[in-house]
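Observations on chain architecture
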Amino acid sequence: MKSADCAASIDEKIYENFFRNHKIFFLLFLALASNLITSIQVLAAEGPTDQSQGTLAAILNSERNTPEPTEPLTEPLLEIVTELPDSELMVPFLELIYAVSPSEWQTLEEVYVNVNGEYDQHLYQRKAGEPEVTERTFGEARLFLSTDEQKSKFELVAVDSSNLSAIYPIEQSFFMAENPVPPLPSTADVSTRDFHGEEVTFINNRLQLQLSSSHYNQEDRKKNESAVLQLLDELSYYDIEMIAGPDKNGSVTVGLKQNSYSSLYHLINDLPSFSDFLITDAKIEEIDLATAELIPSEDSSINRSGELEPKMVKIGWVPGLFFRRYQHDMIGFKLQEETSFLNQESFPETYLSRAMINKKIDEVVSEIDGIRIDGNQANDLSGTKLFSSMNIRNVHLEGNYPFVRVSLPSHSPRGLIKNAKTLLKDHSEVFEKSYLMIVTDIESSSSVGIPEVNTQERQLPEFEHEVYRYWATINKYGTVSSLIEIGLIGLSITMKVMLGIMMLCVTLTSGIIVYRRKKRVL
């Protein structure tokens, strides 16, 4: 009996000492479980946001340049709602946004364009099974200059289900400049780097491309138009814009995001293969120091590169996720879907639409001292053919529509969340969702399904090799994503070790409790 009592006494002391020394871990585990439950509830409580026609539709509706009809329409109404460019163009097309309204009780059937009195292309054509357009709706158009004549005159035609049509003739004629030149760069567009002991000054958001003579030559204008269309299609994968050309020699200047010299160089290596060798040569536009000094200094010059650097990553308390590695100077947003535009699946198709949206975003994010980050990055895998059909979270927010990144002064996670919620509340017509960037090791990328892809020798910066970004949704109650969704992504090694110890202690404590109860029963 004494030996049994002694054994029981020893068991009891061991249990009491263990529980006393490790109860803090048990309390932490309860906090973890509570946080998990809260995250699940927040995720489930999220409902749809207020209905919106979209960012651009809201802009155009608020700045309507024609009076709204006071009586029901007896025929379709066609309007051009953006300003037209000068007659002399630096690229072989002009862009515009139009509004079309079918007559009362009718649906829109088609919108097409004539050039110099002859049919050129359809801008919209209703297909079976598509939603009917019964009210004022916007459309965007890229109108190409005629290849047969020096000047081009355009007219838009809209037809509804009553077979009535509206014709909008553009009185102004347009022609291509003989020597197209790009706009002057700003001071933020000019960078200097050391190259083999010499300073090289270059324009960091521009490239000069040379089109293949087999695709583009002066004699065959129809072939030239086909080459331009192919070039525009290929450049769109990189979110690059044609800003001047092609000239008579097939030289084109394109604009892109501000990049380092090495990033531009890697993009040049990619272009020939990605363009099916339509582009035979490309070069960075270098300028001498004397020319650089002549560029007027502007207060509006802004660096929008937004490349991830080690100093931008911190460890902080992320509401709903405990301690995580996060980027302390950036948040992401998803724009409202454009429900009032024709061809929504391909929106935005024009540079004009993108520019108007970007202008609105710049205006809104300035309220929180934010800067919109340009999306096309020569060292990004996003925005290229490689990811055109993939649903991968960490490449959704590299700046390609409908997502945008916003750079901010350094903030804690709570500070970033507060700024994001402010914009979501005050500008619900612009933003639908917001995101916080969680940064983690590239080695664990398989946990969110990032595929192994052929990057066509595309090189990432050294730091980008080591980390990747996971955009976690900011819930409407101020927490971020959920523990179920994000798991261990972004946790530091220390936190992972602590969690392991906590789980071990809870398991041992539970085992001892069960063992102790069985002893009492016996």
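All of these numbers come straight from a predicted model, not from anything done at the bench.

The secondary structure content of the protein chain amounts to 10 helices and 20 strands. Sorting the 522 residues of the protein chain into buried and exposed places 45% on the buried side. Restricting to contacts in the protein chain with at least 6 residues of sequence separation, those with at least 24 account for 75%.

Membership of the largest hydrophobic core comes to 41 residues, with the highest contact counts inside it found for Leu56, Ile331, Phe431 and Ile438. Judged by nonpolar contacts, the second largest core, of 30 residues, contains Phe202, Tyr238, Met242 and Tyr261.

Turning next to the packing of helix H2 (residues 55-62) against helix H6 (residues 351-365). In helix packing, the relevant descriptors are the interaxial angle and the interaxial distance, both defined with respect to the helix axes. Packing of H2 against H6 brings their axes to within 10 Å, and their N-to-C directions diverge by 85°. Taken as axis vectors, H2 and H6 run roughly perpendicular relative to one another. Only Ser353, Met356, Ile357 and Lys360 of H6 make contact with H2, whose side of the interface consists of Thr55, Leu56, Ile59 and Leu60.

Taken together, the side chains of Ile315, Trp317 and Phe323 present a nonpolar region at the surface, about 290 Å² in accessible area. Mapping Ile315 onto the fold places it in strand E15 (residues 313-318).

This part covers the sheet that holds strand E3 (residues 93-101). Overall, antiparallel pairing links the 3 strands, which are arranged E1-E3-E6 in an open sheet. Only two strands of the sheet have a single neighbouring strand rather than two, namely strand E1 (77-80) and strand E6 (137-144). Mean inter-strand twist for the sheet, computed between neighbouring axes without regard to direction, equals 30°. In this structure, E1 lies alongside E3, joined through 4 bridges in antiparallel fashion. In the sheet register, Glu79 faces E3, and the bridge partner there is Ala99.

Before going further, it helps to spend a moment on helix H7 (residues 413-426). The terminal C-alpha atoms of H7, which comprises 14 residues, lie 20 Å apart, in line with the 20 Å expected from a rise of 1.5 Å per residue. Among the residues of H7, those classed as buried are Pro413, Gly415, Leu416, Ile417, Asn419, Ala420 and Leu423.

What follows concerns the pattern of salt bridges. Counting across every chain of the model gives 7 salt bridges. Between Arg136 and Glu79 there is a salt bridge, with the nearest N and O atoms lying 3.2 Å from each other. Here Arg136, found in the loop between strand E5 (118-125) and E6, pairs with Glu79, found in strand E1; they are 57 residues apart in sequence, far enough to count as distant. Taking relative accessible area as the criterion, Glu79 reaches 4% and is therefore assigned buried. With its nearest N and O atoms 3.0 Å apart, the salt bridge here joins Lys334 to Glu432.

For the protein chain, the average pLDDT comes to 77, and 75% of its residues sit at 70 or higher. Per-element confidence in the protein chain is highest for strand E7 (residues 154-160), whose mean pLDDT is 96, and lowest for helix H8 (residues 462-466), whose mean pLDDT is 40. Low pLDDT (under 50) marks residues 36-50, which in the prediction has 22 contacts with non-local residues, meaning those over four places away or in another chain. Scored below 50 in pLDDT, residues 442-466 shows 46 contacts in the model against residues more than four places distant or in partner chains.

Here the focus is the packing of aromatic side chains. Tallied over the entire structure, the rule returns 10 aromatic pairs. An angle of 50° between the planes, with centres 6.2 Å apart, marks the rings of Phe154 and Phe174 as tilted. Taken as a pair, Phe154 in strand E7 and Phe174 in the loop between strand E8 (165-169) and strand E9 (175-176) lie far apart in primary sequence, 20 residues in all. The pair Phe154 / Phe174 is uniform in exposure class, with both members buried. One aromatic cluster is present, formed by Phe93, Phe144 and Tyr351 through successive ring pairs. The cationic tip of Arg142 hangs over the ring face of Phe93; the distance from NZ or CZ to the ring centre is 4.9 Å. Sitting over the face of the ring of Tyr351, Arg142 holds its NZ or CZ atom 4.7 Å from the ring centroid.

On to the pairing of E7. Burial analysis of E7 places 6 of its 7 residues in the buried class, the great majority of the element. Of the pairings in the sheet, the one linking strand E4 (residues 108-115) to E7 comprises 7 bridges and is antiparallel in character. Of the residues in E7, the one forming a bridge with Val111 is Ala158. A loop of 4 residues connects E7 with E8, the two strands running antiparallel in sequence, and Asn163 in this loop sits at a positive phi of about 70°.

Conventions we followed
- Residues numbered from 1 in each chain as written.
- Predicted model: local features only at pLDDT ≥ 70, side-chain atom pairs only at ≥ 80, totals over all residues.
- Heavy atoms only, no water.
- Helix = DSSP H or I, 4+ residues; strand = E, 2+ residues; numbered from the N terminus.
- Buried < 20%, exposed > 50% of the residue type's maximum accessible area, 1.4 Å probe, protein only.
- Contact = heavy atoms within 4.5 Å.
- Core = buried A, V, L, I, M, F, W, Y, C linked by side-chain atoms within 4.5 Å.
- Axes fitted to C-alpha atoms, helices over the stretch in contact; angles between N-to-C directions.
- Parallel < 35°, antiparallel > 145°, perpendicular 65-115°, else oblique.
- Patch = residues over 30% accessible without salt bridge, like charges linked within 9 Å, V, L, I, M, F, W, Y side chains within 5 Å.
- Areas by Shrake-Rupley, 256 points an atom, 1.4 Å probe, with all protein chains shown as cover.
- Salt bridge = Lys/Arg side-chain N within 4 Å of Asp/Glu carboxyl O.
- Pairing = 2+ DSSP bridges.
- Expected span 1.5 Å × (residues − 1).
- pLDDT = per-residue confidence, 0-100.
- Phe/Tyr/Trp six-rings, centres within 6.5 Å; stacked < 30°, edge-to-face > 60°.
- Lys NZ or Arg CZ within 6 Å of the ring centre and 35° of its normal.

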